[in-house]
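One-letter residues, chain by chain:
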Amino acid sequence: MGCRRVPGPVLALLLLLCPPPSPACPAACRCAPGEADCSERGLREVPWSLPTNTSTLWLGYNFITVLGPRSFPALPGLRLLSLAHNRLELIHGQALLGLGALQELDLSHNLLTVLTPETFLPLTSLATLNLGSNRLGELEPGVLGALPQLRALLLQDNPWVCSCGILPLWRWLSHNREKVREKSLILCRVPEQLNKYPIMAFGDESFRQCQGTLLSSQQYITFFIIGPFSFIASIFFCTFMGSLTVFYHSLRRESHCWRRPRICRVH
């Protein structure tokens, strides 16, 4: 009995109606339609072979310390990502590329000390960001400015340094009070006299002395380059002038001795 050939148009239609299956669920995870639960698995990095239709990804309570460039596979439909209760210390500026549909990101209970605006630029749809319980002392204003759709922000339980450097964050919080959750728990840790003082309780007068003291990064770089150079140059100049003065006095002494050799003494 001969094999019947399927017409080309029919085969193409079948391929469209039956797309290739998504990658299998990683061995360390539990998967359901649209959801991958990889929490409490002792993971040190993000599993790569996640189903492409994942919309919710749980990665909490693991041992992930660093998110390097492109730490995630292509997940165009990912809406919620939780990395809470890991040991995150560093997030690369390109770690979250490809997650443009993400709406909720939980980075709480980690060891983050610095965040850069570049990291959050791909997250144009992010509405909720949880940065609570980290080690943040300051937060660059560009970080929050990179999130145009942000509706809810959590910053509680961080060791905020309430100096002039906190001014950009205070301004953002003051202008976006409706977006800030747990306002009363955003407290100063340093200096000691302001320990546990609510950041949002500051007023304009609290930062009056800071208005003319904030420098841009380029100004700081210029200061640290020119400052030491000027110091070293001044040492060379003073040494040169001192040597010139000693040489001049030596010439005068020799000339004096030549004219009156009887009263010249060598000291």
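So, here is what we can say about the structure in this document. Everything quoted here is computed from the prediction, not taken from an experiment.

Rules used in this analysis
- Residues numbered from 1 in each chain as written.
- Predicted model: local features only at pLDDT ≥ 70, side-chain atom pairs only at ≥ 80, totals over all residues.
- Heavy atoms only, no water.
- Helix = DSSP H or I, 4+ residues; strand = E, 2+ residues; numbered from the N terminus.
- Buried < 20%, exposed > 50% of the residue type's maximum accessible area, 1.4 Å probe, protein only.
- Contact = heavy atoms within 4.5 Å.
- Salt bridge = Lys/Arg side-chain N within 4 Å of Asp/Glu carboxyl O.
- Pairing = 2+ DSSP bridges.
- Disulfide = S-S within 2.5 Å.
- Core = buried A, V, L, I, M, F, W, Y, C linked by side-chain atoms within 4.5 Å.
- Phe/Tyr/Trp six-rings, centres within 6.5 Å; stacked < 30°, edge-to-face > 60°.
- Polar contact = N/O pair within 3.5 Å; in protein donor to acceptor, adjacent residues only side chain to side chain.

Along the chain, E89 falls in the loop between β5 (80-82) and β6 (90-91). Residue class for E89 comes out partly exposed when judged on its relative accessible area of 48%. On a C-alpha basis, the gap between E89 and L67 in space is 8.7 Å, while along the polypeptide they are 22 residues apart. Not counting residues up to four positions away in its chain, the partners in contact with E89 are T65, L111 and L112.

On to the pattern of salt bridges, then. Taken as a whole and judged by the stated rule, the model has 1 salt bridge. Notably, a salt bridge pairs D37 with R30, separated by 3.0 Å at the nearest N-O pair.

Here the amide bond leading from V190 into P191 is cis, since omega sits at 0°, within 30 degrees of zero. Here P191 shows up in the loop between β12 (188-190) and α5 (217-259). One non-glycine residue, E40, adopts positive backbone phi at about 55°. Residue class for E40 comes out exposed when judged on its relative accessible area of 61%.

Before going further, it helps to examine the sheet that holds strand β9 (residues 152-154). The mixed open sheet is built from 8 strands, whose spatial order is β1-β2-β3-β5-β7-β8-β9-β11. Where the open sheet ends on each side, the last strands, each with one partner, are β1 (30-32) and β11 (180-181). Pairing analysis gives 3 bridges linking strand β8 (residues 128-130) to β9, with the strands arranged parallel. Its bridge partner being in β9, L129 is matched across the sheet by L153.

Below, the discussion takes up the state of the cysteines. As enumerated under the stated definition, the model contains 4 disulfides in all. Between the sulfur atoms of C25 and its disulfide mate C31 the distance is 1.9 Å. Judged by the sign of its S-S torsion, about 75°, the cystine formed by C25 and C31 is right-handed. Judged by its relative accessible area of 34%, C31 is partly exposed. Bridging C162 to C188, the disulfide has an S-S length of 1.9 Å. Residues C162 and C188 are joined through a disulfide that is left-handed, its torsion about the S-S bond being -90°. Taken together, the residues C162 in the loop between β10 (160-161) and α4 (167-175) and C188 in strand β12 connect sequence positions 26 residues apart.

The next thing to look at is the nonpolar core. L57, F72, L81, L105, L129 and I199 are the most contacted members of the largest nonpolar core, which has 55 residues in total. Those residues in contact with I199, other than ones at most four positions away along the chain, are W160, C162, I166, W170, L173, I186, L187 and C188.

Here the focus is α4. Those residues of α4 not exposed but buried are L167, L169, W170, W172 and L173. As for α4, its buried residues are in contact with α3 (141-145), β9, β10 and β11.

Under the defined criterion, the tally for this structure stands at 3 aromatic pairs. On the numbers, 5.0 Å between centres and 40° between planes, the contact of Y197 with F202 is tilted. Residue classification places Y197 among the partly exposed positions, given a relative accessible area of 35%. Given a relative accessible area of 13%, F202 falls into the buried group. An angle of 70° between the planes, with centres 5.6 Å apart, marks the rings of F202 and F207 as edge-to-face. You'll find F202 and F207 in the same group, each marked buried. Ring-pair connections join several aromatic residues into one group, and the members of that group are W170, Y197, F202 and F207.

Within the fold, L153 resides in strand β9. Taking C-alpha positions, L153 is 8.5 Å from A127, a pair spaced 26 residues apart along the chain. Once residues lying within four places of it in the same chain are set aside, the contact partners of L153 are L129, L144, W172, L173, K179, V180 and R181.

Right, let's get into the side chain of N86. Among the secondary structure elements, N86 is positioned in the loop between β5 and β6. Classification of N86 by relative accessible area gives buried; the value is 6%. Polar side-chain contacts of N86 include one of 3.0 Å to the backbone oxygen of L83. Dropping the residues within four chain positions of it, N86 is found in contact with L59, G60, Y61, N62, F63, I64, H109 and N110.

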